[in-house]
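# Remarks on the overall topology
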Amino acid sequence: SINIGLINGGNAPNVVADQCIVAWQYRLHPGDDLVALFQEYKLMIEDELRPSMAHFPQAKVTTEYVSEVPVFMATEGGAGERFLCPLTGSGVPVSVSYGTEAGIYQSLAPSVVICGPGSITKAHQPDEFVPVADLDKCCSLINMAIESLK
């Protein structure tokens with residue numbers, strides 16, 4: 001998925017902006033080739049965008065690559081899953097399409113799981129919130145996990 005998360009430029013609606021910043025992200029999926037995707041993006045700029053800017057020689061496009069979050073692929077039946085599923089009572093892990101730093105942690109530990117309070121449908125929204133009851137359940141789960149490791 002591609003998300004344009006920020007567009008910022010100009011200082012008044014009746015004044016041509018001297019610059020505009022568009023900040024966006026692409027979430028990698030299993031099998032994606034980041035180098036090839038970035039090359040495709042650069043070719044699109046050169047082949048499609050720059051020709052439309054030919055009458056404005058002062059106009060330019062610069063691209064800054066900021067970071068890469070590795071794709072996270074859960075290890076089915078892994079130690080993390082075997083430990084956490086009984087504590088949550090769900091018994092069945094699910095796959096999700098949102099981004100997480102779990103891919104970074106997975107490079108350090110072979111079995112990583114994602115678990116947290118709230119609903120992903122409320123995350124990163126103008127009215128983002130986590131119900132207090134969900135936080136209470138999360139605290140209980142953490143305490144059960146600690147107790148089971150003693």
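Heads up: these notes are all about the structure in this document. Computed from a prediction, not measured in an experiment: that's the story for all the values here. (Residues numbered from 1 in each chain as written. Predicted model: local features only at pLDDT ≥ 70, side-chain atom pairs only at ≥ 80, totals over all residues. Heavy atoms only, no water.)

### Regarding the overall build of the protein chain
Selection rule: Secondary structure elements are taken from DSSP: a helix is a run of H or I of four residues or more, a strand is a run of E of two residues or more, and numbering for both begins at the N terminus. To get the radius of gyration, use the C-alpha atoms; to get the globule rule, take the number of residues to the power 0.38 and multiply by 2.2 Å. Think of it in three bands: with a 1.4 Å probe and only protein chains considered, a residue is buried below 20% of the maximum accessible area for its type, exposed above 50%, and partly exposed in between. Working definition of accessibility: Shrake-Rupley area with a 1.4 Å probe, residue cover restricted to the visible protein chains. As used throughout, the charge tally considers Lys and Arg to be positive and Asp and Glu to be negative, leaving His and the chain termini uncounted. The atom standing in for a charge is NZ when the residue is Lys, CZ when it is Arg, CG when it is Asp and CD when it is Glu.
Secondary structure assignment for the protein chain yields four helices and two strands. Starting at the N terminus and ending at the C terminus, the protein chain contains elements arranged as β-β-α-α-α-α. The C-alpha atoms of the protein chain give a radius of gyration of 22 Å, which is well past the 15 Å a tight globule of 150 residues would have. Principal axes of the C-alpha set define a box for the protein chain whose edges measure 70 × 35 × 20 Å. When the 150 residues of the protein chain are sorted by exposure, 11% land in the buried category. Carbon and sulfur atoms make up 58% of the accessible area of the protein chain, which amounts to about 11,900 Å² in all. For the protein chain, the distance from the average site of its 8 positive side-chain charges to the average site of its 17 negative ones is 4 Å.

### As for the side chain of Q106
The test is simple: Under the rule applied, a polar contact is a pair of N or O atoms within 3.5 Å (in protein, one hydrogen donor and one hydrogen acceptor; residues adjacent in sequence only if both atoms are side-chain atoms). Here a residue-residue contact requires only that any non-hydrogen atoms of the pair lie within 4.5 Å.
Among the secondary structure elements, Q106 is positioned in helix α3 (residues 102–106). For Q106, the side chain forms a polar contact with the main-chain oxygen of M73, separated by 2.5 Å. The residues touching Q106, leaving out its near neighbours within four places in the chain, are V71, F72, M73, A74, T75 and V112.

### A short note on the pairing of strand β1 (residues 2–9)
Just so we agree on the cut-off: At least two DSSP bridges between two strands are required for those strands to pair.
The buried fraction of β1 amounts to zero of the eight residues, a small share that puts the element mostly on the outside. The pairing of β1 with strand β2 (residues 20–26) spans seven bridges and is classified as antiparallel. Bridging from a neighbouring strand, I2 pairs with Y26 of β2.

### Let's talk about unusual backbone geometry
With the exception of glycine, the majority of residues adopt a negative phi angle, and the majority of peptide bonds are in the trans configuration. For H124, which is not a glycine, the phi torsion comes out positive at approximately 55 degrees. With respect to the helices and strands, H124 occurs in the loop between α3 and α4 (132–149).

### A short note on a nonpolar patch on the surface
Our working definition: Exposure above 30% relative accessible area and the absence of a salt bridge qualify a residue for a patch, where like charges join within 9 Å and nonpolar side chains (Val, Leu, Ile, Met, Phe, Trp, Tyr) within 5 Å. Throughout this description, the term salt bridge denotes a Lys or Arg side-chain nitrogen within 4 Å of a carboxyl oxygen of Asp or Glu.
A surface patch of nonpolar side chains, amounting to about 600 Å² of accessible area, comprises I2, I4, I7, V22, W24 and Y26. Elements that contribute at least two residues to the nonpolar patch include exactly β1 and β2. Structurally, I4 is set in strand β1. A relative accessible area of 53% places I4 in the exposed class.

### What to know about the packing of aromatic side chains
The test is simple: Only centres within 6.5 Å qualify two rings of Phe, Tyr or Trp (six-membered ring in Trp) as a pair; their planes then separate them into stacked at under 30 degrees, edge-to-face at over 60, and tilted for everything else.
For the structure on display, the rule yields two aromatic pairs. Summarising the aromatic geometry, the rings of W24 and Y41 are spaced 5.0 Å apart at their centres and angled 50 degrees between planes, so their arrangement reads as tilted. With a gap of 17 residues between them, W24 in strand β2 and Y41 in helix α1 (residues 34–52) connect regions that are remote in the sequence. Overall, W24 belongs to the partly exposed group, its relative accessible area being 36%. Joined through ring pairs, the aromatic side chains of W24, F38 and Y41 make up one cluster.

### Re the side chain of E81
With respect to the helices and strands, E81 occurs in helix α2 (residues 79–88). With no salt bridge to any partner, buried E81 finds its closest opposite charge in R82, at an N-O distance of 7.8 Å. Once residues lying within four places of it in the same chain are set aside, the contact partners of E81 are T75, E76, P86, P93, S111 and V113.

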